[in-house]
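A look at the structure
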Amino acid sequence: MTGSRDTYGGYRTRLVEQLRAQGIRDLAVLRAFAATPRHLFVPEAVRHRAYEDAALPIGAGQTISQPFTQARYLETLGLKGNERVLEIGTGSGYQTALLAALAEQVFTIERVRSLAETAQAALRAAGVTNVSVLVGDGTLGWSAYAPYHAILVAAGGPELPPPLVQQLAPDGRMIIPLGTKGKQVLSLVRVTPMGAHVTPIGDARFVPLVGEHGFDA
Ligand code: SAH
């Protein structure tokens, strides 16, 4: 996936070691980080910082999330490799690429067209082929390919968007930061016969989820 002219391999190995030292144990997740060229997903201006365990600006007022946060997210989803996954908030496309390494097929929605286009180009450059990108309001989901075994929302919303609950498979898992624009609780959602069951799994600080079932633009 990373090509023969990959000069970032050593940095990537160090990032994986940092994630392991911080408690990430899932081997499939660590392998996905080892195989995914984050430098292809960040703007030229911050490329030298691509393998820092830090959030970085990607344009349009948005950020690529911190790798440790993404690793925790991915560990919680517990993907086995055969799932259909929906991602809301493509951003740079980096997390999309990680999901693509961990699942069978990834459907991802981004509301900012320029970001979606840049992400698509980066995914192509990274050799990722099992991803479909849609420009639109992710709080409405993507009903054409539902149900999804896992849904990952990479922006913080005020409430659980009902369409996403409807599009989650019966044994599926959704992760979504819920709260205010400045501060959220990372929440794990499972659908049971009694309805959606929400488990808080930690504090989070994500950019706002903007849309019909999110915040106003
Ligand atoms: N995981 C991404 C970072 C995402 S930042 C990465 O690895 O780079 C959150 C993204 O969610 C932003 O790009 C923002 O534009 C997008 N977003 C916010 N509300 C959205 C919505 N309703 N539908 C789709 N995308 C949305």
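Let me begin by describing the structure that accompanies this report.

Calculation notes
Residues numbered from 1 in each chain as written. Predicted model: local features only at pLDDT ≥ 70, side-chain atom pairs only at ≥ 80, totals over all residues. Heavy atoms only, no water. Helix = DSSP H or I, 4+ residues; strand = E, 2+ residues; numbered from the N terminus. Rg over C-alpha atoms; globule rule 2.2 N^0.38 Å. Areas by Shrake-Rupley, 256 points an atom, 1.4 Å probe, with all protein chains shown as cover. Phe/Tyr/Trp six-rings, centres within 6.5 Å; stacked < 30°, edge-to-face > 60°. Lys NZ or Arg CZ within 6 Å of the ring centre and 35° of its normal. Salt bridge = Lys/Arg side-chain N within 4 Å of Asp/Glu carboxyl O. Buried < 20%, exposed > 50% of the residue type's maximum accessible area, 1.4 Å probe, protein only. Core = buried A, V, L, I, M, F, W, Y, C linked by side-chain atoms within 4.5 Å. Contact = heavy atoms within 4.5 Å. Pairing = 2+ DSSP bridges. Axes fitted to C-alpha atoms, helices over the stretch in contact; angles between N-to-C directions. Near = heavy atom within 4 Å. Polar contact = N/O pair within 3.5 Å; in protein donor to acceptor, adjacent residues only side chain to side chain. 1 Å grid on protein atoms, 1.4 Å probe; cavity = no way out; pocket = protein on both sides within 12 Å on 5 of 7 lines; lining within 4 Å. Sits in = over half its atoms within 2 Å of the grid points.

1. Details of the overall build of the protein chain
When helices and strands are counted, the protein chain shows 6 helices and 9 strands. Over its C-alpha atoms the protein chain spans a radius of gyration of 16 Å, differing by no more than 12% from the 17 Å that the globule rule assigns to 217 residues. Each principal axis of the C-alpha atoms in the protein chain carries an extent, and together these give about 50 × 35 × 30 Å. When the accessible surface of the protein chain is split by element, carbon and sulfur atoms take 52% of a total near 10000 Å².

2. What about the packing of aromatic side chains?
In the structure shown here, the tally under the stated rule is 9 aromatic pairs. Members of the aromatic cluster, each reached through a chain of ring pairs, are Phe107, Trp142, Tyr145 and Tyr148. Lying across the ring of Tyr94, Arg38 places its NZ or CZ 5.5 Å from the centre.

3. Examining the pattern of salt bridges
As enumerated under the stated definition, the model contains 3 salt bridges in all. With a closest N to O distance of 3.5 Å, Glu44 and Arg47 form a salt bridge. Residue classification places Glu44 among the exposed residues on the basis of a relative accessible area of 63%. For Lys183, the salt bridge goes to Asp203, with nearest N and O atoms at 3.8 Å. Of this pair, Lys183 sits in the loop between β7 (168-179) and β8 (184-192) while Asp203 is found in strand β9 (residues 195-204), placing the two residues 20 residues apart along the sequence. With a relative accessible area of 47%, Lys183 lands in the partly exposed category. Judged by its relative accessible area of 55%, Asp203 falls in the exposed class.

4. Examining the nonpolar core
Among the nonpolar cores identified, the biggest contains 48 residues, and Leu19, Phe33, Leu74, Leu79 and Leu99 are the most heavily contacted of them. The element contributing the most residues to this core is helix α4 (residues 94-102), with 6 residues. When neighbours within four sequence positions are excluded, Leu74 is seen to be in contact with Val29, Phe33, Leu98, Leu99, Leu102 and Leu152. Counting 16 residues, the second-largest nonpolar core is a separate cluster that includes Leu86, Phe107, Ala155 and Leu168.

5. Quick word on the side chain of Thr96
When you line up the elements, Thr96 lands in helix α4. Assessed through its relative accessible area of 0%, Thr96 is described here as buried. If we ignore the near neighbours within four places in the chain, the residues touching Thr96 are Glu87, Thr90, Val106, Thr108, Leu123 and Val131.

6. Some thoughts on the sheet that holds strand β3 (residues 84-88)
Pairing is mixed across the open sheet formed by 7 strands, whose spatial order is β5-β4-β3-β6-β7-β8-β9. With one partner strand each, in any of the chains shown, β5 (131-135) and β9 form the two edges of the open sheet. Between one strand axis and the next, the sheet turns by 15 degrees as a mean value, whatever way the strands run. Alignment of β3 against strand β4 (residues 105-110), held across 5 bridges, turns out to be parallel. In the sheet register, Arg84 faces β4, and the bridge partner there is Gln105. Along the sheet face, helix α5 (residues 113-125) touches β4 and β5 and points at about 165 degrees away from the line of β5.

7. A few points about the site of the ligand
Neighbouring the ligand are 27 residues; Gln70, Ser92, Glu110, Gly138 and Val210 lie closest to it. Ser92 is positioned with one of its side-chain polar atoms (N or O) 2.6 Å from an oxygen atom of the ligand. The backbone of Val210 places a nitrogen or oxygen atom 2.6 Å from a nitrogen atom of the ligand. In the complex, 99% of the free accessible area of the ligand, which totals 590 Å², lies under the protein chains. Among the cavities detected, the one that contains the ligand is the largest pocket. Elements represented by at least two residues in the shell around the ligand include exactly β2 (62-64), α4 and β4. Looking at the shell around the ligand element by element, the count peaks at 3 residues for β2.

Geometry only, nothing functional implied.
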